[in-house]
Amino acid sequence: MSARLPLVLRQLGRLQPPGPPRRLRELCRASSGRGGGCGGGEGLLGQRRLRDTQAGSSRGPGSRAPPARDSIVREVIQNSKEVLSLLQGKDPAFKPVLAIIQAGDDNLMQEINQNLAEEAGLNITHICLPADSGEDEIIDEILKINEDTRVHGLALQISETSFSDKILNALKPEKDVDGVTDVNLGKLVRGDAHECFVSPVARAVIELLEKSGVNLDGKKILVIGAHGSLEATLQCLFQRKGSMTMSSQWKTAQLQSKLHEADIVILGSPKPEEIPLSWIQPGTTVLNCSHDFLSGKLGCSSPGVHGTGPIAEDVSLLAAALRIQNMVSSRRRWFREQRYRRWRLHCLKLQPLSPVPSDIEISRAQTPKAVDILAKEIGLLADEIEIYGKSKAKVRLSLLERLKDQADGKYVLVAGITPTPLGEGKSTVTIGLVQALTAHLNINSFACLRQPSQGPTFGVKGGAAGGGYAQVIPMEEFNLHLTGDIHAITAANNLLAAAIDTRILHENTQTDKALYNRLVASVNGVREFSKIQLARLKKLGINKTDPSALTEEEMRKFARLDIDPSTITWQRVMDTNDRFLRKITIGQGNTEKGFSRQAQFDIAVASEVMAVLALTDSLADMKERLDRMVVASDSNGQPVTTGDLGVTGALTVLMKDAIKPNLMQTLEGTPVFVHAGPFANIAHGNSSVLADKIALKLVGEEGYVVTEAGFGADIGMEKFFNIKCRASGLVPSVVVLVATVRALKMHGGGPSVTAGVPLKKEYTEELPIVEKIRTIAQAVYGAEDIELSPEAQSKIDRYTEQGFGNLPICMAKTHLSLSHQADKKGVPKDFILPISDVRASIGAGFIYPLVGMMSTMPGLPTRPCFYDIDLDTETEQVKGLF
């Protein structure tokens, strides 16, 4: 054991170390030979049996604190140290932090707390406020520490008169290591002491008595001058030991008779001078747990409890050690809870009716539980969620760091055969499966679904919350807006589109020098490159940081992207089906100086930003993917990226909240992540990698995460394996294939693989773009061959030349047939698959060919769903959604 603990024991044991601070010297003097109330006594742990007043105290200046008390303190600290060492062996970065808010500058208590904490292996921080700090100042500091995720425990060292209900209610119960909040007291009284913090002062009293061999059963205990949480905790603990407990204040009229009856007296505050010491019977055990000691005032040297009178053994040092133990125990409990455990989930009861009502009627008949309750049930901490209303919350990615050592659960993919226009019920099966696992079999399970686009919701297909008695609720919130992720994607996508056309306009209308001076402008007399501009300089091979140091040629290379408008692949988006935006002309205003071009709108979920969101695994990774998105080529055929346009940081800012998965629940109150919503027939059609990874940690190694791939197995499942699993590194344990009578399944595969035989060339040669498209067409769809349009061939050549030929293929084709023609049912044979265009999502990491007349902007029918959708302005209920 290091020298710190003996030093603390000497401080409280009244030995004077060389050159102590002023308060330490005062403490030593107060206890050396003059019988200070917090001075030790003779016998085990210094438990002092009060002698006759005439006997007095015989200790001299060199007296030590009782060795037995020292041994308990040593034992507590050593035990805490060993537990922390064990926990840090599992996680080397694990080091709990205790914060102490102290009103007044007390060097002694700071030193004691610091030495005990460091000896045990804790970090400790003191927030020292002026002694006259008011209630609001103390609460301000409490609220800051409540929200500081780096701090795991909080203690208050303030005067007893400062402990108000307002201050106590401000404390977060899970950080209240002194056990003073109503929540911790309530758990203690209810019998859940293992799930709460218990006052270290009250625990110290019990420890000192029991370790001295005192049998508390049947003893009469008098607690004098204690208030609030200390009084309640002492009463509760003594009653559980079989003691008869009485409480009294110093001014109570019957105090003398109560003192005469008591076997043990606990001093909860300093004894007033007018109370005669002779009222305490000889042989009575007296312990001092005056809160004023821990708050920096030496209540142990009360008048009448020193000099030639009896001595009250103080519990302050042991209480400080037990506070450290409280911290360590809570961290051990927290650590244990991070390992796999069955959720104690309160599931919602279903009330099935016959005939079965509509989906929206079923949804509205069920009242969701509060999302913060659901979050707590599945092991999320309060600071790991951001609540949106009553039934939705975002989950912070910090959870992945906390649970990084947690074993993953089983990974289940729900896919389907080639669907009919009515859909085959994959979402319903996904939700039904997790409801069965968790609500009926008591197995941890999580559903991970895509967020539906408002295009289909207001168009033909409708929403995607499941159906019948297997739904995500509330249905309206699931299908409409949710937490705004798609809106964030729309804003990010369109900001980038605006940056492209704006850059072309400014390059066409300014000289090299004027353009450079505006791009690197002087701000408040200072001219410097931004961070992203420095990245572009590095990409260009210009190793300079001073804007004035560039040559004219370097300035030109930096300032001009020289985008070829005919190669722009980045389109504007909106989350509504609008066939009249499939082809538009932009730039017709006079301010655009005659620069106009033909463009188009895509549906928002077809944006590469959505694909990036679904495939990313961290905020940093998302930023890198956004940065490398290719939006066009320059006049030399080189790719132009988001980073070249300088808009990466802004896109990341717009997407910083969208990256967090959305927590909702099923009809039976089991958890669901709803995150990302790329179309399967245009993009890769799967929910986010992050939602899956977080869910796999939360369910634990015996739990299940069930996710869904969009449309048929030839589209959603193929992209799940070849794109999503490649990005995530996750491998599903099982695939659930949804099949119906009205739809047929026909899937092809590659050559057979035999153990011990070299892999065939189809598996060993990352193929050219054309061959990869042909392989999917022939092996999966059953086509005879493919036919490339001149535009498609031109783009394939360009992407190959730019170095993107090794990316996987994400086919954009109709979901209603294995062929490119929606009316060709069954298993078409010997057809030619036409490839009309080929696009590249470089940031997301795939090439996507457009098959036949496939459009990236759905159109509204003659009779859209919006005719039936309305809002009841009195009840604010949505009508006609389904």
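Note that this is a predicted model, so its numbers are computed, not measured. Per chain, the residues get numbers from 1 upward, laid out in the order the sequence is written. Given that this is a predicted model, residues contribute local features only at a pLDDT of at least 70 and side-chain atom pairs are listed and counted only at 80 or more, while totals for whole chains, interfaces and linings are drawn from all residues. Hydrogen atoms and water are omitted, and side-chain values are computed over all heavy atoms in the structure.

1. What to know about the sheet that holds strand β29 (residues 846-851)
- Pairing is mixed in the open sheet, where three strands are placed in the order β27-β28-β29. Looking at strand neighbours, the two that pair on one side only are β27 (785-788) and β29, the edges of this open sheet. Between one strand axis and the next, the sheet turns by 50° as a mean value, whatever way the strands run.
- For β27 and strand β28 (residues 832-841), the ladder comprises four bridges, and the chain directions are parallel. What sits directly across from D785, in β28, is I832. Should DSSP find at least two bridges between two strands, the strands are regarded as paired. Working definition: helices are DSSP H or I runs of at least four residues, strands are E runs of at least two. Numbering for both runs from the N terminus. Note on geometry: axes are lines fitted to C-alpha atoms, helical ones only across the stretch in contact, with angles between N-to-C directions running from 0 to 180 degrees.

2. Examining unusual backbone geometry
- Residue P355 follows S354 across a cis peptide bond; omega there is 0°.
- Mapped onto the elements of the fold, P355 is located in the loop between α12 (316-338) and α13 (359-365).
- The omega torsion of the bond from I473 to P474 falls at -5°, within 30 degrees of zero and hence cis.
- With respect to the helices and strands, the residue P474 is situated in the loop between β14 (470-473) and α18 (475-479).
- In the Ramachandran plot, N524 falls in the positive-phi region, its phi being about 55° despite a non-glycine side chain.
- Mapped onto the elements of the fold, N524 is located in the loop between β15 (522-523) and β16 (526-527).
- We call a residue buried when its accessible area falls under 20% of the maximum for its residue type, exposed when it is over 50%, and partly exposed in between, using a 1.4 Å probe and counting protein chains only. Since its relative accessible area comes to 78%, N524 is described here as exposed.

3. Brief notes about the pattern of salt bridges
- One speaks of a salt bridge when a side-chain nitrogen belonging to Lys or Arg is within 4 Å of a carboxyl oxygen belonging to Asp or Glu. Inspection of the entire model under this criterion finds 43 salt bridges.
- D408 is the salt-bridge partner of K697, the closest N and O atoms lying 3.2 Å from each other. A residue pair is termed long-range when its members are at least 10 positions apart, and K697 in helix α27 (residues 689-699) and D408 in the loop between α15 (398-402) and β11 (410-416) qualify at 289 residues.
- By relative accessible area, K697 is classed as buried at 14%.
- A relative accessible area of 35% places D408 in the partly exposed class.
- Notably, a salt bridge pairs R839 with D837, separated by 3.5 Å at the nearest N-O pair. Like D837, R839 is buried.
- Counted as one network, the salt bridges with shared partners bring together E386, R396, K656, D657 and K660.

4. Here we look at the packing of helix α7 (residues 182-190) against helix α9 (residues 228-240)
- Contact geometry for α7 and α9: axes closest at 10 Å, N-to-C directions at 15°. Our classification of the angle between α7 and α9 gives roughly parallel. The two elements α7 and α9 cross, and the hand of that crossing is left-handed. When α7 is examined against α9, the residues L185, L188, V189 and R190 are found in contact with a partner set consisting of S229, A232, T233, C236, L237 and R240.
- All residues other than Ala, Val, Leu, Ile, Met, Phe, Trp, Tyr, Cys, Pro, Asp, Glu, Lys and Arg, Gly among them, are scored as polar; the first ten of these are nonpolar and the last four charged. Of the residues in the contact of α7 with α9, the class split is six nonpolar, two polar and two charged. An angle counts as roughly parallel when it lies under 35 degrees, as roughly antiparallel when it exceeds 145, as roughly perpendicular when it falls between 65 and 115, and as oblique in every other case. By definition, turning the near helix anticlockwise from the far helix through less than a right angle yields a left-handed crossing, and turning it clockwise yields a right-handed one. The contact rule is simple, with two residues in contact once any of their heavy atoms fall within 4.5 Å.

5. Focus: the pairing of strand β24 (residues 671-674)
- Judged by which residues are buried, β24 turns out to be covered on both faces: P671 and F673 on one side and V672 and V674 on the other are all buried.
- Of the pairings in the sheet, the one linking strand β12 (residues 445-449) to β24 comprises three bridges and is parallel in character. Bridge pairing in β24 places L449 opposite V674.
- Taken together, the four bridges between strand β23 (residues 662-666) and β24 define a ladder with antiparallel strand orientation. Looking across to β24, one finds that Q665 is bridged to P671.
- The hairpin formed by β23 and β24 contains four residues between the paired strands, and G669 there has a positive phi angle of roughly 80°.

6. Some points on the side chain of K719
- Its place among the elements puts K719 in helix α28 (residues 713-728).
- The sign given to each residue is positive for Lys and Arg and negative for Asp and Glu; His and the chain ends receive no count. Among buried Asp, Glu, Lys and Arg side chains, K719 stands out as unpaired, with E718 the closest opposite charge at 5.7 Å.
- By the criterion applied in these results, polar contacts are pairs of N or O atoms within 3.5 Å in which, for protein atoms, one can donate a hydrogen and the other can accept it, and in which residues neighboring in sequence qualify only through two side-chain atoms. Of the polar contacts made by the side chain of K719, one reaches the backbone oxygen of M811; its length is 2.6 Å.
- Not counting chain neighbours up to four residues away, the residues in contact with K719 comprise A680, N681, A683, H684, N686, K724, C810 and M811.

7. A look at α7
- All of the buried residues in α7 are N184, L185 and L188. Down the axis, α7 shows its buried residues gathered within 100° of arc, on one side only. Exposed residues lying more than 90 degrees from the buried face of α7 are D182 and R190.
- Buried residues in α7 make contact with α9.
- After α7 finishes, the residue G191 shows a positive phi value of roughly 100°. Each C-beta atom gives one direction from the helix axis, and the arc is the one those directions make.

8. A short note on the sheet that holds strand β3 (residues 153-157)
- With parallel pairing, the three strands of this open sheet are ordered in space as β2-β1-β3. Of all the strands in the sheet, the pair left with one neighbour each is β2 (123-129) and β3. When the angles between neighbouring strand axes are averaged without regard to direction, this sheet yields 20°.
- One ladder, built from five bridges, connects strand β1 (residues 97-103) with β3; its direction is parallel.

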